[in-house]
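Given next are the chains, with one letter for each unit.
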Amino acid sequence: MALRGISVLELAGLGPGPYCGMVLADFGAHVVRVDRLGDRRDLGVLARGKRSLAVDLKQPQGAAVLRRLCARTDVVLEPFRPGVMEKLQLGPEILQKENPKLIYARLSGFGQSGRFSRVAGHDINYLALSGVLSKIGRNGENPFPPLNLLADFGGGGLMCTLGILMALFERTRSGKGQVIDANMVEGTAYLSSFLWKTQQIGLWDQPRGQNLLDGGAPFYTTYRTADGGFMAVGALEPQFYKLLIEGLGLRHDELPPQMSVSDWPEMKKRFADVFARKTKAEWCQIFDGTDACVTPVLTFEEVAHHDHNKERGSFITDEQGVSPRPVPLLSDTPAIPSSKRDPFVGEHTEEILREFGFSQVEIDQLASDKVIKSHKPRAYL
C-alpha cells in the first residue's frame, strides 16, 4: 500500500482527527491511537485499522513514554487546543529536537493563533466563521449546516491528511519534518474557493436559495416522488435540460426559457407536480442511462445495493456493517482497509511498547504506577 512503513501516533479525539488517522491507516500507515487512561467512551468510530495504547499523559512518566515513541515515529497527529501539548512538555519544539524528521500535525478548530484559537467550537461554528454557512439554506429561512461533514471532515480531517502527505513528500527531499497547522475554519474557506472565485461572474448575486446552484433553479434541485422518495436534478447545460424536459413529458414551446430567473419559482412548482405523479423507481426507468442528469436520492439502506455501486464495489462490509470503500483508487498500491473490529481502549498497550523497545520490567512498572493500562478482550466459551 502507498503508505506502507509510515508510523503515526494519533492522540485520541473525536471526528476529524480519527478520520484523518483512518484514511492514513486505510492506505497502509501503521496508526497507533493514544487513548486517555480510563477512557471508557466509545472511541471505536473511525478507528479502522488502528491499534490502541492507553497512557496517562498528565503524569510525567506518561509524557516520557510518548516522547520515547515520538523519537521513532514519522507523524504525530494531535487534536487539542493550542498550548495543551506544550503544557505537557510534548510540543513540537521538544519532540522535533529529539526527532528532526517528525511531522507534527496540529488539527484544531480555529488554528494555532488568533483571538478564537483557545475557545471551544464545533463544525457549525467553524462553518460560520469561514463564511460558507451564510451561503447554505433555503430562501427565506435561516442558514443550516450540511450535517457536520463540511468543516469537521472536509475542511478539517481531509485537509489535515493532505498536509501530512505533502509534508511526507517534502521530507524525501529535505530529510526534515515540519509542523502542520490544519484548522477547520481556514480549511473550509479554502474548500470553498469556487464560491469566492465565482462571485466575480455573478453566480451568487441572488439571495440565499435563489441562485443557480443552491436550489434556486428548477433544473438543479430535488423533487418528491409519488412514493415519498426523491429525485435529484442537475440538468444545467442546455442539451441536458432538453432531455430533462422530454423525460418529464413536457414541451419546450410551452415553457419559459431555461435561464429566465423570474420564472424559476413557477417552473419549480410545475416540475414538482410532474415528479409527484410517478414513483422513484418509475422515474429511474425513464432517466437511467440518459444524459438528463436525473438520479435517485438513495437512502443509506439503498446505496450499497444500487447497480452502479455494486458493479464498482463502492461499499465494503466488515464486522461493523457497511461503509464506503477508501478512495481514490490507486492502480498499483490501492488501499486495503482492515476487516477486523475496531480496537478497545488500551488493547495493544503492551504490544506497542515492546515494539518501541520497552522492556517487560519497564512495562510492569508503568502499569503498577498506573501510567499505562492494558485491556485484553476475554473469550467467553
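Refer to the structure above for everything that follows.
The rules we used
- Residues numbered from 1 in each chain as written.
- Predicted model: local features only at pLDDT ≥ 70, side-chain atom pairs only at ≥ 80, totals over all residues.
- Heavy atoms only, no water.
- Pairing = 2+ DSSP bridges.
- Helix = DSSP H or I, 4+ residues; strand = E, 2+ residues; numbered from the N terminus.
- Axes fitted to C-alpha atoms, helices over the stretch in contact; angles between N-to-C directions.
- Contact = heavy atoms within 4.5 Å.
- Buried < 20%, exposed > 50% of the residue type's maximum accessible area, 1.4 Å probe, protein only.
- Polar contact = N/O pair within 3.5 Å; in protein donor to acceptor, adjacent residues only side chain to side chain.
- Lys, Arg positive; Asp, Glu negative; His and termini not counted.
- Salt bridge = Lys/Arg side-chain N within 4 Å of Asp/Glu carboxyl O.

Chemist: I keep staring at the sheet that holds strand β8 (residues 230-234) and nothing clicks. Help me out?
Modeler: As a general point, the strands of a sheet are linked pairwise by backbone hydrogen bonds and lie either parallel or antiparallel. Pairing is antiparallel in the open sheet, where three strands are placed in the order β7-β8-β9. In this open sheet, the two strands that pair with only one neighbour each are β7 (220-224) and β9 (294-296). Sheet twist, expressed as the mean angle between neighbouring strand axes with direction ignored, is 25°. Looking at chain direction, β7 and β8 are connected through five bridges and run antiparallel. The residue bridging Thr-221 from the neighbouring strand is Val-233, located in β8. Against the sheet, helix α10 (residues 264-275) touches β7, β8 and β9, its axis set at about 40° to β7.

Chemist: So what exactly am I meant to see when it comes to helix α7 (residues 184-191) here?
Modeler: Given 3.6 residues per turn, any residue in an α-helix points the same way as the ones three and four places further on. Turning to α7, its buried residues number three or more, namely Met-184, Val-185, Gly-187 and Thr-188. Of the surrounding elements, those touching the buried residues of α7 are α1 (16-26), β5 (103-108), α5 (123-130), α6 (149-174) and β6 (179-183). If you check the start of α7, you find a side-chain oxygen 3.3 Å away from the backbone N of Val-185, and it comes from Asn-183.

Chemist: Can you walk me through the side chain of Asp-318 in this structure?
Modeler: Among the secondary structure elements, Asp-318 is positioned in strand β10 (residues 315-318). Despite being buried, Asp-318 has no salt bridge partner; Arg-48 is the closest side chain of opposite charge, sitting 4.4 Å away. Those residues in contact with Asp-318, other than ones at most four positions away along the chain, are Arg-48, Ser-323, Ser-338 and Ser-339.

Chemist: I would appreciate a short explanation of the environment of Glu-355 in the present structure.
Modeler: When you line up the elements, Glu-355 lands in helix α14 (residues 349-355). Classification of Glu-355 by relative accessible area gives partly exposed; the value is 43%. In this structure, the C-alpha to C-alpha distance between Glu-355 and Leu-69, residues 286 residues apart in sequence, is 9.7 Å. When residues no more than four places from it in sequence are discounted, the contact partners of Glu-355 are Arg-51 and Arg-72.

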